[in-house]
Every structure is written in structure tokens, then in C-alpha cells.
Amino acid sequence: MSNLQYLHGFGNEFESEALTGALPIGRFSPQRVNYGLYAEQFSSTAFTAPRADNRRTWFYRIRPSVMQSDYSALDTGLIRTAPSNEIPTPPSMLRWNPIPMATQPTDFIEGLVTLATNGSAAMQAGMAVHMYRANQSMTERFFTNADGELLFIPQQGGLRLHTECGVLEVNSGEIAVIPRGMKFRVVLLDHEVRGYLCENYGHPFILPERGPVGANGYANDRDFEIPVAAYEDREGQFELVTKFMGQLYRCELDHSPLDVVAWTGNSVPYRYDLARFNVMNTVSYDHPDPSIFTVLTSPSGTAGVANIDFVIFPPRWMVAENTFRPPWYHRNVMSELMGLIHGVYDAKETGFLPGGMSLHNSHAPHGPEAAVFEKASQVELTPQRYENTLAFMLESRYVIQPTRYALECPERQQNYLDCWAGLKKQFTGATL
Ligand code: FE2
């Protein structure tokens, strides 16, 4: 399955058919669809959303989605959904070691643990940040999330995502996004996997504007990959797990719900190799604001103020002259949650581990640890290539609230602030 086919682009009208002639021509809903398929529209935006924002896909499937049993509630385990006020949010700077891998047989749904939420799923604003850990593939059960679209950020091991639009694979260093409400199952490409999962309650992710950068650069549209139609014509006993308003439900199916033979539209799952990000950076002085590394953004409705910015810190050249090159000390009205996919992050050379996480909420002071400050203040500023590093940030206008699990788990670093304890008073009253 590693020779999967993909379409290319971002947000455009795609179409794909697994059987020749399955896709109606010239209309979406003919009186009879070829091959005896049912037509079903999948709307990801309001019917009347402006054309530039409008997202929907037409499925041509073996059975319509209404053919399912009624729902019954399932234990939600460690999954939390905003608004979640189960524990007060401290103003503190916070950091965690990696959440351990699963030890019992665990599939993608069972291994989900929510570390933070903000906004409100019901109000379609904010997000949740989960970790997934799994060692079992989903074969007879499927998942759909009515509360938000899902951004997969694999940290260890690869996934094959079987979706209504087809199959895509995503490995560490890549990301994948599945639209809100789309059905899928997760097959593991490795014995055990772990990764970050951002659940976006708000506006679907889009590519940020480029401004004076021009027509090319940052994440280029053509590098996003969309699966081709691939259907399962399986009958038997299946389970569909649905997350709705924070609660998990299950229903029974006598067939696989991934039975879409052809589809056309622009609400689709996609993957992106973060190594293809065209990194912009200074060639004169100062560290630019990290927004220059934005891969995807979920707008909030206020121009320039994101519901979520997904930002990466990839390998890159640093050439700034007469500059403190690491990210500067700062306090930010926006809230910043960071994770590390692999390697070492330039502002924190110890303690911020692959699979770990840090959280600096609105106006929490943060910046380089003491040792990094000392080194970066003294080092000779020759051109330097940052290698073996891939960190990311989820930045939001809404305060990010850790779950009770996150605040009380043993992986929380109670001594995080010690990383700044070695900063010394440099002031002498004399000029340099
Ligand atoms: Fe920051």
C-alpha cells in the first residue's frame, strides 16, 4: 500500500472515481447514479458560505450513511472537550515529559488522552490538544468526530488513514488533516505509534496569506496530497464511534462505512510533508516573529487573530548579524502550546523532549533557558545550519486550559522554571 496515489492541491475542486463512470457528469444528483450508487452531500460549511470559504463534497456510495443503528453512549476515557472547567488553569509556565506509550492492547480511539482545551466545541471556536498512543489497528471499527477537524502530527511511527475519500499515509515529519464529520479508521504502520492530535473546533485550516512574499513560498498549495477514491465493499459486524459534544457514542453497522466509490468536492482529507515547507527567515538581523513559520491557520473572524496557527520550527539556516538568534524573551496575549517531533529545539536544549509539550498561556513570560542565553550571547555569528530539529506550535487567541490529567500526571515537570534559574544580572551600569 506504500504506492498509494494522491491528487495535489489545496482547497480546490477535486474528483476521483474508483470505478470508471461512477462519477455523474454535469450534475451532482441524477435520478439514478451509475452502478446503483447513492448520492450523499457532505457539507463542511454552511450552504451559503462565500465561495472562497465554501467546502463540501459529494459522495457516491454503496449505502447512504443513514443505514446505521441508533447511538448508545461509550466511556469517553481520558478525552475532554471544551468548555472543560474541571480544574483551574494556572498562569504558570508549564512543561511535560512525553506521555508514555500504551502498554495494553490499544487502538487509536482507546489511546487518546486530552492534554488541553480552549474555546467551546458547541460554539465552534478553539481546539483540543490530544496525544494518541496505539498498538492495535482499527479493522472492524471506525471513528468520526462531529466536534472538529483533526490535525494529525505523528511523533513516532506511521499511520494509514482509511477515509471516506480514500487512503493516505502519514509518518513522523508529515501531517494529515481529516475534515470534521468524515468517517475513517486508523491502521498502524509500526508496532506502536504516538503523536499529537489537534482537534480544531473552529474554521477549517487554510493556508495563510503571503503578503509581500508574493505568489510562492511558505506551504505551497501543490504540495498538499489528497487520496484517490478507494472503497470497501465489506459486510459483517462493524462499529462506528462518534464524538459529539464531547461524548463518545457507538452505533452498529452491517457494512463498512468506507463505501464511497467516487467523490467530487473540496472538503477532503489531506497530508503534507513538513520538509517541503519553504522557510522564510531574516537575511539581515533579528529573529522574525514566529508567525513567519505558519503552515496552516484557522481564522477566528477577527483579521490576523487566529483561532489556531499551526507553526513549525524546521531545519534552516541562521545568518542574522549582530543578533540574539534564538527566539527572544517575550510575553504574548496569544497562548502558545508547543510540541517536539524530533531533535532539539533551539531555545531549550535540555528538558524539552520529543513527544513532550510546553504551554505558555496568555502573557506567561518565556524564552531561552539560561545556558542557551549564555551561549547565544557570546557565540561568534557565522552562518549556521540548524539540523535535526522539528518543533511545532499551536498558537491561539483563546487561553489554553490543561486538563486535570495534564496538571496531575507524573510527566508534568514541576521544576520547569529551574531552566531560567541560572540567568544572571548582566547590568553593571556601564555601556558595552
Ligand atoms: Fe513564545
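Before reading further, recall that the structure is shown in the block above.
Basis of the calculations
- Residues numbered from 1 in each chain as written.
- Predicted model: local features only at pLDDT ≥ 70, side-chain atom pairs only at ≥ 80, totals over all residues.
- Heavy atoms only, no water.
- Donors = N, O, S within 2.8 Å, 3.2 Å for Na, K, Ca; no water.
- Tetrahedral: all angles 85-135°; square planar, octahedral: opposite > 155°, others 65-115°.
- Helix = DSSP H or I, 4+ residues; strand = E, 2+ residues; numbered from the N terminus.
- Buried < 20%, exposed > 50% of the residue type's maximum accessible area, 1.4 Å probe, protein only.
- Pairing = 2+ DSSP bridges.
- Polar contact = N/O pair within 3.5 Å; in protein donor to acceptor, adjacent residues only side chain to side chain.
- Contact = heavy atoms within 4.5 Å.

### Side note on the coordination of the iron ion
His330 (NE2), Glu336 (OE), Glu336 (OE) and His366 (NE2) make up the full set of protein donors to the iron ion, lying at 2.0 to 2.7 Å. Angles of 54 to 137° at the metal separate the four donor atoms of the iron ion, which places the site in the irregular class. Read in sequence order, the donor residues for the iron ion give the motif H-x5-E-x29-H. Taken as a pair, glutamate 336 in strand β24 (residues 335–343) and histidine 366 in the loop between β25 (357–360) and α1 (370–378) lie far apart in primary sequence, 30 residues in all. As far as burial versus exposure is concerned, glutamate 336 and histidine 366 are alike and both buried.

### Points about the pairing of strand β10 (residues 149–156)
Counted residue by residue, β10 has seven buried out of eight residues, so it is predominantly covered. Relative to strand β15 (residues 193–200), β10 runs antiparallel, the two sharing seven bridges. Note on β15: the bridge partner recorded for leucine 151 is cysteine 198. Bridging between β10 and strand β13 (residues 174–178) involves three bridges; their strand directions are antiparallel. Bridged to phenylalanine 152 within β13 is alanine 176.

### Description of the side chain of threonine 57
Relative to the elements of secondary structure, threonine 57 occurs in strand β4 (residues 56–61). Residue threonine 57 is classed as buried on the basis of its relative accessible area of 0%. Polar contacts involving the side chain of threonine 57 include one to the main-chain carbonyl oxygen of serine 267, which spans 2.8 Å. Dropping the residues within four chain positions of it, threonine 57 is found in contact with Glu40, Gln41, Phe42, Trp263, Thr264, Gly265, Asn266, Ser267 and Val268.

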